[in-house]
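Below are the chains, spelled out letter by letter.
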Amino acid sequence: MIQHGRERTARCAGDMLVAMSRLTRKLLFSLLLIAPIATPQSVRLYVFDNGVIKGLDPAVFQLKNEEIATADMAVASYLIVHPKGTLIWDTGAIPDSDLKADGTPVTQRLYTASKTLKSQLAAAGFKAGDITYLGLSHYHGDHTANANDFAGATWLVQQPERDAMFAEKPPNITQLAQYAALKNSKTKILKGEDYDVFGDGTVVIKATYGHTPGHQVLFVKLAKTGPILLAGDLYHYQEERGTEKVPTFEFNKEQSLASRAVVEAFLKQTGAQLWIEHDLANFNKLKKSPAFYE
Ligand SMILES: [Zn+2]
């Protein structure tokens, strides 16, 4: 009986050790998973896949089919993780609430998407409520789908863009319902000056007015990858570069061309890569979250 009791005690102790070590393993594993995400030593850039735009008429961009590799466009958004905080840049074309949990593709007008922004944020280790800053390249509906989810972040927006978004009659291409909650967000209004988001020159918003009244682009300086410019819709296709062709629905064509000239000079000066957000060929080459650039 005594021996039996000892055996049982030993087995219990053994089980406890196994259980403890499993717990310790779990704890260590989650620490390993969480620690570098919560406090990265350098800047990280995650690319999210928000689907494609198909069936576009190149004439809308003053282009012919034979002048471009494809008229189809990617829809991208990005998360920048800095030691001092996070910034989400653009928020997709189809709201997460309209997408399916099982990942079956959903089509709305010219947009098709299958992955929610939320699920991609989660795979990278984040929730919308964790995000420090929201930046939209501009107010068009293919960039603002999930903007309301980031109403708790500080919104970094150009004065003329915000004015148009909340005008009595917002511009036609806007989807007010998708960003209405930003009206009460903590907001940093920009007036065309460069805005160094974290104060160390690694993440800088640059005004590039023209496509919309307050269009903006994002410069990200990565330690290993080097500098990148997330160009919003300054261009839609690589083939527009070096031409005077701008979309027919441009807010101000002259402003757009002037902004492009400034950006091209900036790219030369910094050696930054230009990532045209809708450029499908470039998008297909990029690592997607949870992989990241650093
Ligand atoms: Zn767009």
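Use the structure listed above.
Residues numbered from 1 in each chain as written. Predicted model: local features only at pLDDT ≥ 70, side-chain atom pairs only at ≥ 80, totals over all residues. Heavy atoms only, no water.

Which residues make up the pairing of strand β10 (residues 203-207), and what are the values?
Across the 5 residues that make up β10, a large majority, 4, are buried. Taken together, the 2 bridges between strand β9 (residues 195-196) and β10 define a ladder with antiparallel strand orientation. Bridge pairing in β10 links Asp-196 to Val-204. Taken together, β9 and the strand that follows it, β10, pair antiparallel across an intervening segment of 6 residues, in which Gly-199 is found at a positive phi of about 80°. Where β10 and strand β11 (residues 216-222) come together, 5 bridges link them in antiparallel fashion. Bridge pairing links Ile-205 to Leu-218 in β11. (Buried < 20%, exposed > 50% of the residue type's maximum accessible area, 1.4 Å probe, protein only. Helix = DSSP H or I, 4+ residues; strand = E, 2+ residues; numbered from the N terminus. Pairing = 2+ DSSP bridges.)

An account of the coordination of the zinc ion is needed here, citing residue identities and associated values.
For the zinc ion, the protein coordination sphere consists of Asp-142 (OD), His-143 (NE2), Asp-233 (OD) and His-278 (NE2), at 2.1 Å. Coordination geometry of the zinc ion: the 4 donor atoms subtend angles of 87 to 166° at the metal centre, consistent with an arrangement described as irregular. All donors of the zinc ion come from a single chain, and their spacing in sequence reads D-H-x89-D-x44-H. Remark: Asp-233 occurs in the loop between β12 (226-230) and α5 (253-270) and Asp-142 occurs in the loop between β6 (133-135) and β7 (154-158); sequence separation between them is 91 residues. For the residue pair Asp-142 and Asp-233, the accessibility class agrees, reading buried in each case. (Donors = N, O, S within 2.8 Å, 3.2 Å for Na, K, Ca; no water. Tetrahedral: all angles 85-135°; square planar, octahedral: opposite > 155°, others 65-115°.)

With reference to specific residues and values, describe helix α2 (residues 117-124).
Every buried residue of α2 is listed here: Leu-117, Gln-120, Leu-121 and Ala-124. Axial view of α2: buried residues confined to an arc of 100°, hence all on one face. Immediately downstream of α2, the backbone of Gly-125 shows phi near 100°, a positive value. (Arc of directions from axis to C-beta.)

How would you summarise the pattern of salt bridges if you had to cite specific residues and measurements?
Applying the stated rule across the entire model yields 9 salt bridges. When the shortest N-O distance is used, the salt bridge between Asp-194 and Lys-206 registers 2.8 Å. You can see Asp-194 sitting in the loop between β8 (187-190) and β9 and its partner Lys-206 sitting in strand β10, a full 12 residues away along the chain. A residue is classified by how much of its surface remains accessible, and Asp-194, at 45% relative accessible area, is partly exposed. (Salt bridge = Lys/Arg side-chain N within 4 Å of Asp/Glu carboxyl O.)

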